[in-house]
Amino acid sequence: MICCMARHKTFYYLVDNMNPERVETMKKALRTVPDIESITIKTSQGMVEIIASRDVEDSLKIACDVAGTTFRTKVKKGKIRI
């Protein structure tokens, strides 16, 4: 039997109107997505970093609707300044 682990990638998104309560709601919604390995949200920058086996943009948009935030855009890794 051959077992393959899904390869995970890091995806970055910008989200507006975040506060601590909305971030917790968004994380709870995203935790229901089985493809997501890790979620990091930087409220002050409006940056959401998700490590997942596939692009979860659609799931993030739904989570934003649930949390009352606004999905702005997906960000390419090369455009991020740390």
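Read on for an overview of the structure.

Conventions and cut-offs
Residues numbered from 1 in each chain as written. Predicted model: local features only at pLDDT ≥ 70, side-chain atom pairs only at ≥ 80, totals over all residues. Heavy atoms only, no water. Axes fitted to C-alpha atoms, helices over the stretch in contact; angles between N-to-C directions. Helix = DSSP H or I, 4+ residues; strand = E, 2+ residues; numbered from the N terminus. Parallel < 35°, antiparallel > 145°, perpendicular 65-115°, else oblique. Left-handed = near helix turned anticlockwise from the far one by under 90°. Contact = heavy atoms within 4.5 Å. Pairing = 2+ DSSP bridges.

With that out of the way, let us pick up the packing of helix α1 (residues 20–30) against helix α2 (residues 57–67). The interhelical angle for the contact between α1 and α2, taken along N-to-C directions, is 140 degrees, at an axis separation of 8 Å. Considered as vectors, α1 and α2 are oriented oblique to each other. In terms of crossing hand, the pair formed by α1 and α2 is right-handed. Here α1 contributes Arg22, Thr25, Met26, Ala29 and Leu30 to the contact with α2, which in turn contributes Ser59, Leu60, Ala63, Cys64, Val66 and Ala67.

Attention now goes to the environment of Glu57. Counting through the fold element by element, Glu57 comes out in helix α2. For the pair Glu57 and Thr73, spaced 16 residues apart in sequence, the C-alpha separation works out to 9.1 Å. Setting aside residues no more than four positions away along its own chain, Glu57 makes contact with Tyr13, Phe71 and Lys74.

Of the pairings in the sheet, the one linking strand β1 (residues 9–16) to strand β3 (residues 47–52) comprises six bridges and is antiparallel in character. Directly across from Tyr12, in β3, lies its bridge partner Glu49. Sheet analysis places β1 next to strand β4 (residues 70–75), joined by five bridges and oriented antiparallel. Among the inter-strand pairings, Leu14 is bridged to a residue of β4, identified as Thr73.

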